[in-house]
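Report on the structure
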Amino acid sequence: MSRAPVQLGERERLIVALDEPSGAEALAWVDRLGDAVQFYKIGMELLASGDYFRVLDELARRDKKVFVDLKFFDIPATIAGVVRGLSRWPVTFATIHGWHAPMMQAAAEARSGDLRLLAVTVLTSMDGGDLKSMGIDGEPADIVVQRARAAQASGIDGVIASGQEAGLIRTATGPGFAIVCPGIRPGPALDDQKRTVGVAEAFANGADAIVVGRPVRQAADPRAAAEAIQTEISGALR
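Residue numbers run consecutively from 1 along every chain, following the written order of its sequence. For this predicted model, a pLDDT threshold of at least 70 governs which residues receive local features, and a threshold of 80 or more governs which side-chain atom pairs are given and counted, while totals over whole chains, interfaces and linings are taken from all residues. Processing note: side-chain calculations cover all non-hydrogen atoms of the structure and skip hydrogens and water entirely.

The chain is annotated in an unreviewed UniProt entry as Orotidine 5'-phosphate decarboxylase from Pseudoxanthomonas helianthi. As stated in UniProt under Pathway (unreviewed entry), the record for the chain gives "Pyrimidine metabolism; UMP biosynthesis via de novo pathway; UMP from orotate: step 2/2." UniProt positions are given in the numbering used here, feature names are shortened, and annotations may be inferred rather than shown by experiment.

1. Focus: the packing of helix α7 (residues 140-153) against helix α8 (residues 166-173)
Any two packed helices are characterised by the angle at which their axes cross and by the distance between the axes. Angular values range over 0 to 180 degrees, each being the angle between N-to-C directions of two axes fitted as lines to C-alpha atoms, with helices fitted over their stretch in contact. Counting from the N terminus, the helices are the DSSP runs of H or I reaching at least four residues and the strands are the DSSP runs of E reaching at least two. Their axes nearest at 9 Å, the elements α7 and α8 cross at an angle of 35 degrees. In terms of crossing hand, the pair formed by α7 and α8 is right-handed. Touching Ala141, Val144, Val145, Ala148, Arg149 and Gln152 of α7 are Leu168, Ile169, Ala172 and Thr173, all from α8. Class assignment for the residues of the contact of α7 with α8 results in seven nonpolar, two polar and one charged. Two helices cross in a left-handed way if the nearer one is turned anticlockwise from the farther one by less than a right angle. They cross in a right-handed way if the turn is clockwise. By definition in these notes, contact holds between two residues if any of their heavy atoms fall within 4.5 Å. Nonpolar residues are Ala, Val, Leu, Ile, Met, Phe, Trp, Tyr, Cys and Pro. Charged residues are Asp, Glu, Lys and Arg, and all others, Gly as well, are polar.

2. Things to note about the pairing of strand β3 (residues 65-72)
Classification of residues uses two cut-offs on accessible area relative to the type maximum, computed with a 1.4 Å probe and protein chains only: under 20% is buried, over 50% is exposed, and between them is partly exposed. Here β3 lies mainly inside the structure; six of its eight residues are buried. Pairing between strands requires that DSSP locate at least two bridges from one strand to the other. Direction of pairing for strand β2 (residues 39-42) relative to β3: parallel, over a ladder of four bridges. Bridge pairing in β3 places Tyr40 opposite Val66. One ladder, built from three bridges, connects β3 with strand β4 (residues 93-97); its direction is parallel. Bridge pairing links Phe72 to Ile96 in β4.

3. Looking at the environment of Ile169
Along the polypeptide, Ile169 turns up in helix α8. Spatially, the C-alpha atom of Ile169 lies 12 Å from that of Ala119, the residues being 50 residues apart in sequence. With near-sequence residues (within four places) excluded, Ile169 lies in contact with Val144, Val145, Ala148, Val159, Ala161, Gly174, Phe177 and Ile179.

4. Considering unusual backbone geometry
Despite not being glycine, Asp63 shows a phi value in the positive range, around 65 degrees. As for its placement among the helices and strands, Asp63 is situated in the loop between α3 (52-61) and β3.

5. Overview of the nonpolar core
By nonpolar core is meant a set of buried Ala, Val, Leu, Ile, Met, Phe, Trp, Tyr and Cys residues that side-chain atoms within 4.5 Å join together. Core analysis: the largest hydrophobic core is formed by 63 residues, its most contacted members being Leu14, Ile42, Val68 and Ile210. Element by element, the count of residues in this core is highest for helix α5 (residues 101-110), at six residues. Beyond its immediate stretch of four places on either side in the chain, Ile210 contacts Arg13, Leu14, Ile15, Cys181, Ile184, Val199, Ala202, Phe203, Ile229 and Ile233. Counting residues in hydrophobic clusters, the runner-up holds 13 residues, among them Ala17, Phe39, Phe67 and Phe93.

6. Some points on α7
In a helix, the anticipated span is given by 1.5 Å times the number of residues less one. In this model α7 runs 20 Å from its N-terminal to its C-terminal C-alpha over 14 residues, within 8% of the 20 Å that 1.5 Å per residue would give. For α7, the set of buried residues is Pro140, Ile143, Val144, Val145, Arg147, Ala148 and Ala151. Gly155 sits one or two positions beyond α7 and adopts a positive phi of about 95 degrees.

7. Examining the side chain of Ser87
Note on placement: Ser87 falls in the loop between α4 (76-86) and β4. Classification of Ser87 as buried rests on a relative accessible area of 12%. Filtering out sequence-adjacent residues up to four positions away, Ser87 remains in contact with Ala110, Arg111, Ser112 and Leu115.

Structural data, given as structure tokens:
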């Protein structure tokens, strides 16, 4: 059920999160960042604006890759329908939760075209204490690897995970299984993220791509910040 992995160009390995409340604000960031960014993630905040698919189409029109981050989680039949419909859009990555093997199998069987599915393992805003409060007995790294293996066995194309666990996932799943890492902090983490790593560390650990939001958007010069990350990625890949 798994497909050939997406081949990402070097400058497509930085995915910038367009977590904005309106389509106009999201596209203003695309204008501002220009050719420093080739790949964008659009998530739940933009969905609530009503502009979601307008932004998606505009990103595709500008030859940007699109990552739909809506973290689908429902009964298998519903997820299959959602993924089947989303496959008609110009989307490279989309997320589902990696908690239920039958749901993941249904999603994998339903996808078509260029769409690749990524299973969310453990959110990077969670640590061991958060998992215990949810009744999950295990350290984040152990749960992440369990869910990565289950996703791969279900035909899912890759996972979303902290760069802290990327090396363990790569060892467990081998080459060709996509690892996309959010929670990247070029400097100290001063927000709600808990399991963070730097750019070079994420790629050294086996990441295929990273997702960066606030460190770019809150920079004094966002385009320069994005270019600095691109330079760091280039060095890490060499």
